[in-house]
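Summary of the model geometry
Next come the chains, spelled out residue by residue.
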Amino acid sequence: AEYKAVMLASLRSLVKDWGSLHEVSWSWLWENVERMIKALMGKPAAQETALTAFFGLMDERMQNTVRREVYSKFFALAPAGQDYFKQSTTRLHFIADKLVTMTLDMYKDPKRMVEDISALGLRHVGYGIPTDLFGPFVTACVQVIRSLTEDDKAEEAFRWSLSLISRILTRVINEGSTIVMKAINTNSAKGLRKAVGCAPRGKRALWMLNIQVGTQSISPLLWAIETGSLEAAKAIIQDLLTIRADRDRYYYGMDIMFERHADIIKRLCADAPALLPALLDGLVWRSRTTENGLRRVNCYIKHLLVDADGEFNKAIEWITDNQDAKVVCHPLLTIVTDMVWSKVAFRTFLVLKVWFLFTLVIFVMSQSILNHLSAVEAINSGGASGAASGAASGTASGVASGAASQRRLGGAGVDGADVNSFEVRVGIFMCRCFIYLCSLGQWLLFHVRSSLRDYRRREFAKVGYMTIPAYLVNWQDVASLCLTCILLCMVGLEPIIHCMSEADSEHIFTEHCDEGERLLFVYSMMSTGAMLIYFLLLTDLSVFSTRVSAFALVCSKVLSEVALFLFGLLFFVLAFACAVSSLEQDDPDFAGIPLSALQLFKMTLGMFSGSHYDMLMDYPALMVAIFIYVITTIIFLLNLLIAQLNCAYQECYQDMLGFARLNRGKVVTETMPSVPRKRWNRFVAQLRLDERVEFGEGDIGLAGGIQVFEPASMNVTTVDMIRRFGGSTSQAAQWPEEDAAGDDDEDRFDRIEKLIEKAMKRVTGGTKGGKKKQAGDSSAGQDSSDRVGASGGDGSGDHDGDDSES
């Protein structure tokens, strides 16, 4: 009563012409509301208890009965419902189970359930479910529950909860069923354009981006993408990104679209990649007129470059991960990527690579240069003495052994004695310490940090039967992990460390002691592998030039063909090696499978000398086998490899520039986290994206873009890309119907079909009219001839007979 009085006083103060009729109406309304509330007060708690007890007694048999009978009774009450429940039986059973759960949750947590049911109702708006079917469905469910229990309280609790859910769904669907959603359900671009044509120009974009019912909302654009209505989704994107203008202002839906869906590019890459070109085209405006052979182009890159927090947007990363070599070559993406690369990321990338180049130079100095400085002189002097002793003994082996005995990795002299000076040994030791501490330490820190990050985020990738951290999907990270492992092995095998305990003051930092000599060859193998991986990782520098990057990427694309060739070659080598080893022959080059395989590899690579070919003349059967092998591998396999490489190159050549741009985009996104915030803010400020960009002289346009000029012949534009309208400039007014609206391929075919139908009707009508006229003329002629014949007969029959005979 107190609340009623307060509300009544408030209404009296708000309504100026409040009278007795208002008093009666308000009193009647409040009394009915009060009566219904009092009738239900206290009941929900008892109903929840009864419904909980009933659901607790339901066994598997009763649950299966509910799942089956609900749909049987519903289809009997409303046969039209069968056209909407077209899912599988298991899916329908899942819906029935969910429905039972929702009726109980409505009592336990009504606030959350109202939000969930509103969201469900908005999804039903997209499904196009008629609200007339909710009543029969509720009736069917109540009938099934009534057949399973004699507890009236449980039945009443179920009926009340389900009816409430039904009313909420009905309200949401009625409020959310806009003409835009109906056009999306039919996937009609023409219907969607007609639907949004009814919208006020100030709210046209919101009609396509937001439908709000209570606290829940749905986006028609995202719904069209998720349900596969791509024609409607494309029409929405094109309409949003069409610039319209009256005398007072420009209308452009770019900002609203990206504010409503900041991840729209990510959604398109995942669900509808075919719509990406339409979106990117809508972010570019080209002038119809040219100035001095150049065309003015406005590129609206704000939402591709900067996110809502002012950070670097992930749009480039999403597009790069999509791996579409054609989309990434779009002029807008090319401008954004090249601009970020040249003005922001290049310096940071160069600093990182300069450090890598420095560590590579130090590694080359320690493993390939310093340890050979003194060894060259020792080899020369040792080779001369060995040659002299060999000549004195009259043997060629003495000459070779004299030089070979000096040829040692660490610059060892005769019998393993050091020939490197103290300064060289110190230099080698310091360079290797730098590699082990700085390069190896950096790689260890990187891999440990990346592994822990992926483990915390539960980001893993499946490679065969192995589960690895997600960051190892990148081949550069795999290569760096292999390099890290090899450097760790080199630390454990380092000869200088193993010789520390045996070295005296004259031979400190030497590699040549008993333990060092034993490990030196294995260490050199590890050093060789590390050197190759260092140079392999250096290929990232190809990103400086898109041309070089494209060449490197094409090389990587055709490697699979080379691998197939090597597999085939290995098969033939093994087959022929086993075959010639089974022949009765004593050629020393083919004594056993290993030697035979080695010689066959030499033949394929052109390393088999001519004199050894001459020796095959003594073994005809072996020569025939080698002849067949040469034809199979050198003539057939090598030429097949050339043909495969040619075809693979032709296939990759068209997308070569796209692959290079994908590589640059990947490098940019990987480098940007290391860019200083100050440099990024300065770069964004220089772009002045908040300032409006002009469309022409004195015509100040829209903000969020930059202006560039391109040659007039590059992208010929014959129509004005801005649709300008006169008349009223009110934002509540609709846009006038456009002259070219609906002039798409579908409408053209419709018009052609109607013209053909009209022509066919005219032809058919003319033919029928001609036949009727001809038939009338024939009958009239027949009547006149009959009349003439009759009059002739009355005259003289003999004359007729004479005429007939004649």
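As a starting point, this report considers the structure included with it. If you're wondering where the values come from, they're calculated on a predicted model, not measured in any experiment. All residue numbers here refer to positions counted from 1 along the written sequence of the relevant chain. Thresholds applied to this predicted model are a pLDDT of at least 70 for local features of residues and 80 or more for the giving and counting of side-chain atom pairs; totals over whole chains, interfaces and linings are not thresholded and use all residues. Values shown for side chains rest on all heavy atoms present in the structure; no hydrogens or waters enter the calculation.

Two rings belonging to Phe, Tyr or Trp (six-membered ring only in the last case) form a pair when the distance between their centres is within 6.5 Å. Interplanar angles under 30 degrees mark stacking, angles over 60 mark edge-to-face geometry, and anything in between is tilted. Overall, the coordinates contain 36 aromatic pairs when judged by the stated rule. Note on Trp355 and Phe358: the rings are 6.3 Å apart at their centroids and 35° apart in plane angle, and the pair reads as tilted. In this pair, Trp355 and Phe358 are both assigned in helix H19 (residues 331-369), three residues apart and thus about one turn of the helix distant. Exposure is judged per residue with a 1.4 Å probe applied to protein chains only, and the accessible area is read against the type maximum: over 50% gives exposed, under 20% gives buried, and values in between give partly exposed. For Trp355, a relative accessible area of 34% translates into the label partly exposed. Its relative accessible area of 42% is what places Phe358 among the partly exposed residues. Between the aromatic rings of Phe363 and Tyr534, the centroid separation amounts to 5.0 Å while the plane-to-plane angle is 35°, which identifies the pairing as tilted. Pair noted here: Phe363 is in helix H19 and Tyr534 is in helix H25 (residues 514-537), with a separation of 171 residues, a long-range link. Runs of H or I in DSSP of at least four residues are treated as helices and runs of E of at least two as strands, each being numbered from the N terminus.

With that out of the way, let us pick up the nonpolar core. What we call a nonpolar core is a set of buried Ala, Val, Leu, Ile, Met, Phe, Trp, Tyr and Cys residues that are connected through their side-chain atoms within 4.5 Å. One finds Leu192, Leu221, Ile265, Leu279 and Leu305 to be the most contacted residues of the largest nonpolar core, which totals 93 residues. The element contributing the most residues to this core is H19, with nine residues. The contact definition used throughout considers only heavy atoms, calling two residues in contact when any of these lie within 4.5 Å. Discounting chain neighbours no more than four positions away, the residues touching Ile265 are Phe258, Leu276, Leu279, Leu304, Ala315, Trp318 and Ile319. Judged by nonpolar contacts, the second largest core, of 30 residues, contains Phe54, Tyr71, Phe74 and Phe75.

Let's shift gears to the state of the cysteines. Criterion for a disulfide: a pair of cysteine sulfur atoms within 2.5 Å. Under the defined criterion, the tally for this structure stands at one disulfide. Note that Cys499 is cross-linked by a disulfide to Cys513, the S-S spacing being 2.0 Å. Residues Cys499 and Cys513 are joined by a disulfide whose S-S torsion is about -85°; by sign, that bridge is left-handed. Residue Cys499 is located in the loop between helix H24 (495-498) and H25, and its partner Cys513 is located in the loop between H24 and H25; the two are separated by 14 residues in the primary sequence.

Function cannot be read off these values alone, since they describe shape.
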